Amino acid sequence: MTQAMRIEGGMVDRERTLAFSWNGRWMTGYRGDTLASALLANGERLVGRSFKYHRPRGIFSSGSEEPSALVQLRDGAAREPNTRATTVELFDGLSATSQNHRGPLAFDLMAANDLLSPFLSAGFYYKTFMWPKAFWERVYEPLIRASAGLGRLSMKPDPDAYDHGFLHCDLLVIGAGPAGLAAALAASRTGLRVILADEDFVPGGRLNAETHEVDGQAGADWAAGAAAELTANGNVRLMTRTTVFGAFDHGIHGALERRTDHLADAGDRPRQVLWRIYSRRALLAAGATERSMAFGNNDRPGIMLAGAVRAYANRFGVAPGRNVAVFTNNDDGLRTAEDLSGKGIEVSAVVDARRGNVVVDTIGRSGIRAIRLGDGRRVETDCLAVSGGWSPNVHLTCHHRGRPVWNAEVVGFVPGGELPPGMCVAGAANGTMTLAATIREGHGAAVGISEDLGAKGSPGTPAKAADEDCAAAPFWQVAGLRKRAWVDLQNDVTTKDVQQSHQEGFRSVEHLKRYTTLGMATDQGRTANVLGLALMAEAAGKSIEETGTTIFRPPYTPVAIGAFGGRARGKHFRPFRLTPSHNWAQENGADFVEAGMWLRAQWFKQPGEKGWRDSVDREASQVRKSVGICDVTTLGKIDIQGRDSAEFLNRVYANAFLKLPVGKVRYGLMLREDGICYDDGTTARLAESHFVMTTTTANAVLVFRNLEFARQCLWPDLDVHLISTTDGWAQFAVAGPNSRALLSKVVDGLDLSNDAFPFMACAECSVFGGTPARLFRISFSGELAYEIAVPARYGDSMIRALMKAGEAFDAVPYGTEALGVLRIEKGHVAGNEITGQTTARMLGLGGMLSRSKDAIGLRLSEREAMNADDGMRLAGFRPVDRSVILTAGAHFLNPGDPADMARDQGWMTSVAYSPELGTSVGLGFLRRGKERIGETVRAYSPVRDQDVLVEVCSPHHVDPDGVRQRG
Amino acid sequence: MIINHPLLGPRDSAEFVVLGDACLIDRPDGMNAAIEEMHDYAYIRDNPAGEHRELWYHEQGDRSWLVVTRSTLTHEVIEVELARNVARARGRSR
């Protein structure tokens, strides 16, 4: 198909023909076209179906305000629905399809909805789908879901990459139309660092769409010259294809730059970049958006905003019709006829509402063929240019709840209330509707800002232009309409819906919006809102000022979720932290588990092992029998130094720490200020004023934060300094009866005998002939055990060397599961018990709480309810039938009691199969548990469908007297 | 949001963690405080619409705790102080 509607002139590059496909048909356009202009050039008027009534719709505008021409771009995983054809830059090979129809676009089966329109008016959802109630889930919802929405997602992962970036400037100019260009020129000349952003791919704004002159040259040429000067000045970042979509706190603006959407091949480059722009000042020069008027059947393809008609003719060299009629209520609309005549396009009628002439109806099924005027005349036309006036683009001024005010002269809402701090507005966005005034205002605003910011250069003089006629009248709808007249094309809101909203009492603008959906969806009602408000005001017999307006929030135009996600998707959403022995563990068959951000080995599968239990049982048994090695680097490590370190620890741990000798480790229990247990770990005193604290893996960051709080905010003059060394040291537990023998081969010249290095001893030492190390004799498993730490860079060598040294003892590596088995057997509490809801008494650690000092949480731990004798206490559990596998989360009941919460006796927190005892064992909280050892209770888990009898025992299933760890 | 760190200059709020009311600095002495006093310290907070003094922690930065005086209505940051200095000024020492 040739470009039948292409005319002379415009800013397209006729040397660069581009082929694109529309609904599977190949067409051509030129570099510089949008998809919309190329479709119009090829005579395509029908491009989509409306949301609710499936009415034929065409291209209505020439910019991001487009309500109708929503299309799907690309194929496969890259498919993108609901894209405005008016903002899509044409490229070679672009594939686009229409959406929201069943069957071909011209014969949409869903068009029957249009015949049902009497039943589909505002609020029909709320009224229709109320009854019968049972129908909602089975009938209505699937029906609504099937017909809802416009385009269709690909349902595949987005194949494109998105980036985030940060920019800083003195002045952010939003919009590169005449006001924005004038402002950027002046600010740049004074020496400010300027960012000038515009959503279009060519700077100039309306200058490119109109026939105005600036400084004696065509407006578009002046704009190109201005852009060239800005680029040459060196202190301006001119960002085209960049939409500033939100004004956030403290001069921060969000902007979306479309980097490769206009390229046939993006290569490896990110498709879009989400910029966070830090600006000292912002100047909103976002222009204005034209709106329609309400008249019969005003939504047909071929009915287009007058400014868009001029844009297609002047900028893109496309005739939107061969025989165009104009319907306007303002002088600006009248220029459409002049421009078109100048291009040799026939103008069949100029209908000026201010003279009492109106269009009452339009004719033409899939595109306009004629209009009917108020006096009954019929005028043939294939394009109706409509101008109902221009609405300043005040959106960003509302982002801090500024409320626009009505300006009767402009016939539109202009910025009002409190603007975001640091923002000012110039040009049409400010209600300054003529060219010369706009340029002067942009220039003046920039001069003021430059002076405020102390820029010294000369801003020069503003470009010269004329002020065009712009008188406008508040004419909204044709009186006595008998045909449906649309207010919001995207949501299919008609004048009748607005009247109905008023009749049914939804009269505030906020109610109107929500009841009719006026102003919602991708275009946010940019061509519709003011008309809707005006009609509501008319219906209520009030002024528009009294009726007021809804306000806008970010984003100004839609932003893809992918852009917000940026690179943080998939594995990069939350990168893993790897332990120093990770590579070694991978080589040795480890299965990994996520522990916070860490990946930890959970078990090491050996040949012949059928399931995880085989591996875990073997690892746990071998620790108790000989020796095992486990990477415990993930535990938080905090280096504490300073003269007051002991005093500091004594205030953050609930148990005593003042008198911990050098060379000793102590178990420490931390409370929250409300007296509930928070975290536990061991702290070693390496020197008089040097301690190393460990925390649980999960709380490493939080404990450090809290310690800094205590240090800086509570006791600012204690001499204590903290540093997190979690990643600085690779630490391994070496546990089992042969651990001493193994470590004797590893540690340089340190007497490890029980007398010289007893339980809870610690020392700084070296291993393998000089590698610095720290040795702690602590035990989580209950066995004779140590933890040995080396600087993290030696971690990989250390695990290999330890395993080699352990060969003589058949040492095994063990993972987090065996670690869990060993600690449950031993009755050590962990995260399953220290849940943020448990007290020291519950954990059986009540005796640790010091009564002779003040420490975080001690005072409130004294509260009566937390110390009741009939409270929950930690106990051990074993199934009466030793073959039963216990279930964590089961609740305890006295045998014979009904299973209800009133008779609840507690709950099982941790279970494991104990290879040592040959049965499943558990830990849990049982009411008065400590006194009930030997009793039998029910462990009842309706979730797992388990109801078994368990014997209450000591939580220390293995070695209750602690002989082994002290041996 | 931008917080003007007294040592490091303006920093993005993404670098910080907020804790809440700066009254947490005024921790009673647990050995002498009435339990009610301790209870109020642990649980009772004002929730003003307007100026609020808050504790912010520069976790992705220099680990300073800051007292940020901020309007909860406009997000305007009115004053930023080192919490350590505030604590000292409120009589806290060792």
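Please read these numbers as outputs of a predicted model, since none were measured by experiment.

Looking at the side chain of E54 of chain B
Residue and element names in this part refer to chain B.
Part 1: By the secondary structure assignment, E54 is in strand β4 (residues 51–57).
Part 2: For E54, a relative accessible area of 6% translates into the label buried.
Part 3: A distance of 2.9 Å separates the side chain of E54 from the side chain of W56, its partner in a polar contact.
Part 4: Here R70 takes part through its side chain, which lies 2.8 Å from a polar atom of the side chain of E54.
Part 5: Those residues in contact with E54, other than ones at most four positions away along the chain, are V18, G20, A22, L66, V67, V68, R70 and T72.

Some thoughts on the pattern of salt bridges
Side chains bearing opposite charge may pair, as long as their charged atoms lie close to each other.
Residue and element names in this part refer to chain A.
Part 1: Summed over the entire model, instances satisfying the criterion amount to 66 salt bridges over all chains.
Part 2: Across the salt bridge formed by E44 and R25, the nearest N and O atoms sit 3.0 Å from each other. Remark: R25 occurs in strand β2 (residues 25–31) and E44 occurs in the loop between α1 (35–41) and β3 (48–49); sequence separation between them is 19 residues.
Part 3: Relative accessible area serves as the criterion here: at 41%, R25 is assigned to the partly exposed category.
Part 4: Residues E688 and R685 are paired through a salt bridge, measuring 3.4 Å at the closest nitrogen-oxygen approach.
Part 5: The class of E688 is exposed, set by a relative accessible area of 57%.
Part 6: Three or more residues joined by partner-sharing salt bridges are found here, namely R206, E210, R310, D332 and R335.

Remarks on the nonpolar core
All names here are of chain A.
Part 1: Ranked by internal contacts, the top residues of the largest apolar core, which has 48 residues, are F20, W22, L35, L39, I59, L94 and Y312.
Part 2: Ranked by residue count, the leading element in this core is α1, at 6 residues.
Part 3: W22 has contacts with M27, L39, E44, L46, V47, V71, A96, T97, S98 and L105, leaving out every residue within four places of it along the chain.
Part 4: Of all hydrophobic cores here, the second largest spans 41 residues; its members include L649, F691, M693 and F709.

Some thoughts on the sheet that holds strand β32 (residues 598–604) of chain A
Residue and element names in this part refer to chain A.
Part 1: With mixed pairing, 3 strands are arranged side by side in an open sheet as β30-β32-β31. Each end of this open sheet is capped by a strand with a single partner; those strands are β30 (577–578) and β31 (590–595).
Part 2: Relative to β32, β31 is paired through 6 bridges, and the arrangement is antiparallel. Of the residues in β32, the one forming a bridge with D591 is W603.
Part 3: Most of the contacts of helix α21 (residues 816–826) go to β32, to which it runs at about 75°, and overall it touches β31 and β32.

The rules we used
- Residues numbered from 1 in each chain as written.
- Chains lettered and ligands numbered in written order.
- Predicted model: local features only at pLDDT ≥ 70, side-chain atom pairs only at ≥ 80, totals over all residues.
- Heavy atoms only, no water.
- Helix = DSSP H or I, 4+ residues; strand = E, 2+ residues; numbered from the N terminus.
- Buried < 20%, exposed > 50% of the residue type's maximum accessible area, 1.4 Å probe, protein only.
- Polar contact = N/O pair within 3.5 Å; in protein donor to acceptor, adjacent residues only side chain to side chain.
- Contact = heavy atoms within 4.5 Å.
- Salt bridge = Lys/Arg side-chain N within 4 Å of Asp/Glu carboxyl O.
- Core = buried A, V, L, I, M, F, W, Y, C linked by side-chain atoms within 4.5 Å.
- Pairing = 2+ DSSP bridges.
- Axes fitted to C-alpha atoms, helices over the stretch in contact; angles between N-to-C directions.

These values are about where atoms sit, not about what they do.
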